[in-house]
Amino acid sequence: QLGAVIGRQFSYDLIKAVTAYDEGRLQQELGQLVDAELLYQRGMLPRTTYMFKHALVKDVAYGSLLRRRREVLHGAIGEAIEALDGARVGEQAAILAYHYARSLHQDKAVTYALLAGDEAMRLHAQTEATTSYDQALTLARGLPDGPEAQRLQIDAILKLAAVSRSREDLARDQASLAQAQAMAETLEDEPRLAQVCYWQGRLAYV
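Cut-offs applied
Residues numbered from 1 in each chain as written. Predicted model: local features only at pLDDT ≥ 70, side-chain atom pairs only at ≥ 80, totals over all residues. Heavy atoms only, no water. Buried < 20%, exposed > 50% of the residue type's maximum accessible area, 1.4 Å probe, protein only. Helix = DSSP H or I, 4+ residues; strand = E, 2+ residues; numbered from the N terminus. Pairing = 2+ DSSP bridges. Phe/Tyr/Trp six-rings, centres within 6.5 Å; stacked < 30°, edge-to-face > 60°.

(A) Region of the structure containing the pairing of strand 3 (residues 49-52). In strand 3, alternate side chains face the same way, and those of Y50 and F52 are buried while those of T49 and M51 on the opposite face are not. Across 3 bridges, strand 1 (residues 9-11) lies against strand 3 in antiparallel orientation. Opposite S11, over in strand 3, you have T49 as the bridge partner. Hairpin connection, strand 2 (residues 39-42) to strand 3: the antiparallel pair is bridged by 6 residues, and G43 has positive phi, about 80°.

Laid out in structure tokens, this is it:
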């Protein structure tokens, strides 16, 4: 079940960081799953990677968990990835956004979705960046209303405006920027308001 929450593939280091089992029991349990041909094993311990042989097995294991338990595990997995990857956490931003979006830490999901979009832009992957920024805005709008949630919404709206290309995108951004302007004025956040005004002017020019 824990492996299924991590994903179709997971490393020994990650599942060890999240489980409460000691290493002896963990290796025994994983060995039994490999022997039963539910998992494939690649590499030797401790640099081992496991993969579900069939996606259906993963889906059934994941579905057998109660929602609250899944949320707790997704959050724990996100924290474990942060601890394991440290300085390389930016490279794992999309995965972290995925786990935190399914946890009780929605604010962290927004932060990592924005970071994943930035990483995609760095790699000139505009479609992926748009998807991440859109996810960040959707998540930010679902947060309890407050100054920090409003700042995250503004940031996501600005990021989306920067990657817009189609006429439909421009219409969406004009409406979103109007909302962002109202929030920035309420917050008296002049730096964000300046960015909002810049993008409003740029869209008006287009």
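Alright, that's what it looks like, and here's the rest.
(B) Up close: the packing of aromatic side chains. Counted under the stated rule, the structure contains 4 aromatic pairs. When the ring of F10 is compared with that of Y50, the centres are 5.7 Å apart and the planes differ by 25°; the resulting orientation is stacked. Here Y50 lies in strand 3 and F10 lies in strand 1, a separation of 40 residues in the sequence. Y50 carries the same exposure label as F10, and that label is buried. Measuring from ring centre to ring centre gives 5.9 Å for Y100 and Y112, while their planes differ by 10°; the resulting arrangement is stacked.

Keep in mind that these numbers describe shape and distance, not what the molecule does.
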